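Okay, here's what each chain looks like letter by letter:
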Amino acid sequence: MHDLLQTLSHDMFHMPLPLAEKILRPVIVYLCLVVFLRLFGKRELAQLNPFDLVVLLSLSNTVQNAMIGDDNSVSGGVAGAFSLLAINWLLAWVLYRAPKATVLLAGKAATLVREGTVDEAELKKQSLTHEDLVSVLNKNGFNDPADVQLCVLEPNGTFYVEGKKPSSDSLEREEMIRALQELSTEVKALRREIEAKG
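Residues numbered from 1 in each chain as written. Predicted model: local features only at pLDDT ≥ 70, side-chain atom pairs only at ≥ 80, totals over all residues. Heavy atoms only, no water.

Describing the overall build of the protein
Step number 1: Along its length, the protein carries nine helices and four strands.
Step number 2: Counting from the amino terminus, helix and strand elements in the protein follow one another as α-α-α-α-α-α-β-β-α-α-β-β-α.
Step number 3: Long-range contacts, defined here as pairs at least 24 residues apart, represent 63% of the contacts in the protein between residues at least 6 apart.
Step number 4: Working note: accessible area of the protein is about 14000 Å², and carbon and sulfur atoms make up 62% of it. (Helix = DSSP H or I, 4+ residues; strand = E, 2+ residues; numbered from the N terminus. Contact = heavy atoms within 4.5 Å. Areas by Shrake-Rupley, 256 points an atom, 1.4 Å probe, with all protein chains shown as cover.)

Remarks on unusual backbone geometry
Step number 1: A positive phi angle is found at Glu-115, which is not glycine, with a value near 55°.
Step number 2: Looking at where Glu-115 falls in the secondary structure, it is placed in the loop between strand S1 (110-114) and strand S2 (117-118).
Step number 3: The backbone phi angle of Ser-127 is positive, close to 60°, even though this residue is not glycine.

Concerning helix H5 (residues 74-97)
Step number 1: Taking 1.5 Å of rise per residue, 24 residues should cover 34 Å, and H5 covers 35 Å from first to last C-alpha, within 8% of that figure.
Step number 2: Three or more residues of H5 are buried, namely Gly-76, Ala-79, Gly-80, Ser-83, Ile-87 and Leu-91. (Expected span 1.5 Å × (residues − 1). Buried < 20%, exposed > 50% of the residue type's maximum accessible area, 1.4 Å probe, protein only.)

Notes on the layout of surface pockets
Where empty space is left becomes clear once a probe the size of a water molecule has been rolled over the atoms.
Step number 1: In this structure, the second largest pocket occupies an estimated 160 Å³ of space.
Step number 2: When contributions to the lining of the second largest pocket are tallied by element, the ones reaching two or more residues are helix H2 (19-40) and helix H4 (50-68).
Step number 3: Of the residues contributing to the lining of the second largest pocket, the split by class is ten nonpolar, one polar and no charged. (1 Å grid on protein atoms, 1.4 Å probe; cavity = no way out; pocket = protein on both sides within 12 Å on 5 of 7 lines; lining within 4 Å. Points joined across faces, edges and corners; volume = space filled by probe spheres on them. Nonpolar A, V, L, I, M, F, W, Y, C, P; charged D, E, K, R; others polar.)

Focus: the packing of H5 against helix H6 (residues 99-106)
Step number 1: Two elements in contact, H5 and H6, have axes whose closest approach is 5 Å; the angle formed by their N-to-C orientations is 120°. The orientation of H5 with respect to H6, classified from their angle, is oblique. Two secondary-structure elements touch here, H5 through Leu-91, Leu-95 and Arg-97 and H6 through Pro-99, Ala-101, Thr-102 and Leu-105.
Step number 2: Classifying every residue of the contact of H5 with H6 gives five nonpolar, one polar and one charged. (Axes fitted to C-alpha atoms, helices over the stretch in contact; angles between N-to-C directions. Parallel < 35°, antiparallel > 145°, perpendicular 65-115°, else oblique.)

Digging into the pairing of strand S3 (residues 148-153)
Step number 1: Relative to S3, S1 runs antiparallel, the two sharing four bridges. Considered in S3, the bridge of Val-113 is made with Cys-151.
Step number 2: Where S3 lies against strand S4 (residues 159-163), five bridges are found, and the strand directions are antiparallel. Each bridged residue has a counterpart across the sheet, and for Leu-153 the counterpart in S4 is Phe-159.
Step number 3: Connecting S3 to the next strand, S4, in antiparallel fashion are five residues, including Gly-157 with a positive phi near 95°. (Pairing = 2+ DSSP bridges.)

Re the environment of Leu-84
Step number 1: Following the sequence through the fold, Leu-84 ends up in helix H5.
Step number 2: In this view, Leu-84 contacts Pro-26, Tyr-30 and Met-67; residues no more than four positions away in its chain are not counted.

Quick look at the pattern of salt bridges
Step number 1: Scanning the entire structure with this criterion turns up one salt bridge.
Step number 2: The closest approach of N and O atoms between Glu-21 and Arg-25, which form a salt bridge, is 2.8 Å. Linking Glu-21 with Arg-25, this pair stays in helix H2, spanning four residues, or about one helical turn.
Step number 3: Take Arg-25: its relative accessible area is 25%, and that puts it in the partly exposed class. (Salt bridge = Lys/Arg side-chain N within 4 Å of Asp/Glu carboxyl O.)

Re the sheet that holds S1
The strands making up a sheet are joined through hydrogen bonds of the backbone, oriented either antiparallel or parallel.
Step number 1: One open sheet holds the four strands; their spatial order is S2-S1-S3-S4, and the pairing between them is antiparallel. Each end of this open sheet is capped by a strand with a single partner; those strands are S2 and S4.

The quantities given are spatial measurements derived from coordinates; they are silent on function.
Next comes the structure, spelled out in structure tokens:
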């Protein structure tokens, strides 16, 4: 029994690779992925279609062995996870303190629609189709680019959409708020009447 526990303990916690290599591998892969995502554009982060999603999901499996090497130990996994979290924190810290580095690594925002007019050149530059754009606008409550004041693809892959006029959701929300305020006013008036009679 003692030998079995000793063998399990050795298999689980013994790292076949040196600790320095276990720390360095995830850092190198992380930095390469940051550069590649920067080179291939914000579209990959936006996950606009199933193909983009498949690429992102496959990336983790593709780089797994490069990060951990020939190591299935718990210690190796912990060292690799620590390395990834540490490099991510360090990069976030550097970018927070150096805004110019943020632009260099993350890129700039891309304006796709301005005052109802689609910037076809920017759309092409970002490898987005007109259908991709319409899909993004639909998710934000707009059916037509002509109704959009501004649509921006942010460096992190999110879209900022601002309408020329409030969206249908905003109009419904405002109407409900107005109805609730009127109802509240009527209830207060009824209370005053009841109190005056009582």
